[in-house]
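Listed below, chain by chain, are the residues.
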Amino acid sequence: DVLEHVVNPEQLIATDNFSGLSTQLVQSLLEISEVQHVHAGSHIFESGDTYLHKLFIIYQGEIERHESSGRIKTVDSGEFLGLSNYLDGDNYNVTCIARTDAILLCLPEEPLQKLELAHPALANLINHLIAQRIRQRSTVTQAVSGPLTRKVKDVMRTPISTCSKNMTLAEAFQ
């Protein structure tokens, strides 16, 4: 079997996301996976593309996630791509580009959902990852919308001499 020669459950279990799963469960994931080899610079999907009804796991290599905010995050082995799309079926809202040659595991939606129902540990992993991403996004939002975004003129009666009155508090503290 080609899959056995390419992917090994132990390599995924060695990653943070999969460390708590049994070898048997990871093997079950591999059995429903389609292996996809991508070359550096290849686009896996782009923001606005129609959801492919697959969840991707990076088995090997590095992928850049280009967010609409302009932020670029590099992710590697054991990370999921298209998780929010798997949950809501909406179009992709990030662009994922292979930073290096990579091997992806493509998990078709229906077999993955059946596996989640049969294995609560897998459902818990996906829920944990979702919660983690929500926390990361809310931290970014809080920093952007917090008190340090207020204008100096709105907070101080006599602005610091090196500040313009339209400067934000965050800029003033730098």
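Our subject is the structure that appears above.
The rules we used
- Residues numbered from 1 in each chain as written.
- Predicted model: local features only at pLDDT ≥ 70, side-chain atom pairs only at ≥ 80, totals over all residues.
- Heavy atoms only, no water.
- Phe/Tyr/Trp six-rings, centres within 6.5 Å; stacked < 30°, edge-to-face > 60°.
- Helix = DSSP H or I, 4+ residues; strand = E, 2+ residues; numbered from the N terminus.
- Buried < 20%, exposed > 50% of the residue type's maximum accessible area, 1.4 Å probe, protein only.
- Axes fitted to C-alpha atoms, helices over the stretch in contact; angles between N-to-C directions.
- Parallel < 35°, antiparallel > 145°, perpendicular 65-115°, else oblique.
- Left-handed = near helix turned anticlockwise from the far one by under 90°.
- Contact = heavy atoms within 4.5 Å.
- Nonpolar A, V, L, I, M, F, W, Y, C, P; charged D, E, K, R; others polar.
- 1 Å grid on protein atoms, 1.4 Å probe; cavity = no way out; pocket = protein on both sides within 12 Å on 5 of 7 lines; lining within 4 Å.
- Points joined across faces, edges and corners; volume = space filled by probe spheres on them.
- Pairing = 2+ DSSP bridges.

**Student:** Whenever I open this one, the packing of aromatic side chains confuses me. Can you help?
**Tutor:** The description of two aromatic rings rests on the distance between their centres and on the angle between their planes. Scanning all chains against the criterion turns up four aromatic pairs. Aromatic pair Phe45 and Tyr92: ring centres 3.8 Å apart, planes at 15°, arrangement stacked. With Phe45 in strand 2 (residues 43-45) and Tyr92 in the loop between helix 4 (83-88) and strand 7 (94-98), the pair connects residues that are 47 residues apart, well separated along the chain. Summarising the burial analysis for this pair, Phe45 and Tyr92 share the class buried.

**Student:** Just to check I follow, could you spell out the packing of helix 3 (residues 23-32) against helix 5 (residues 109-118) for this structure?
**Tutor:** For any two helices packed against each other, the geometry comes down to the angle between their axes and how far apart the axes lie. Packing of helix 3 against helix 5 brings their axes to within 10 Å, and their N-to-C directions diverge by 160°. In terms of orientation, helix 3 lies roughly antiparallel with respect to helix 5. Our pair here, helix 3 against helix 5, has a crossing hand that is right-handed. Here helix 3 contributes Leu25, Ser28, Leu29 and Ile32 to the contact with helix 5, which in turn contributes Pro111, Leu112 and Leu115. When its residues are assigned to classes, the contact of helix 3 with helix 5 shows six nonpolar, one polar and no charged.

**Student:** Which parts of the structure should I look at to understand empty space enclosed by the protein?
**Tutor:** Empty space left among the atoms is revealed by rolling a probe the size of a water molecule over them. Taken as a whole and judged by the stated rule, the model has one cavity of 30 Å³ or more. In this structure, the largest cavity encloses a volume near 40 Å³. Considering the residues around the largest cavity, the lining is formed by Phe45, Arg65, Gly82, Leu83, Ser84, Asn85, Tyr92, Asn93, Val94 and Arg133. Across the lining of the largest cavity, the residue classes tally to four nonpolar, four polar and two charged.

**Student:** When you look at the sheet that holds strand 3 (residues 54-60) in this model, what are you seeing that I'm missing?
**Tutor:** The strands that make up a sheet are held in pairs by hydrogen bonds between backbone atoms, and each pair lies either parallel or antiparallel. Judged by pairing direction, the sheet is antiparallel, and its four strands sit side by side in the order 1-8-3-6 without closing on themselves. Edge positions in the open sheet fall to strand 1 (34-38) and strand 6 (80-81), since each of these has one partner strand only. Relative to strand 6, strand 3 runs antiparallel, the two being bridged by two bridges. The residue bridging Ile57 from the neighbouring strand is Phe80, located in strand 6. Here helix 3 sits on the sheet in contact with strand 1 and strand 8 (102-108), set at roughly 90° to strand 8. Lying over the sheet, helix 5 contacts strand 3 and strand 8, oriented at roughly 75° with respect to strand 8.

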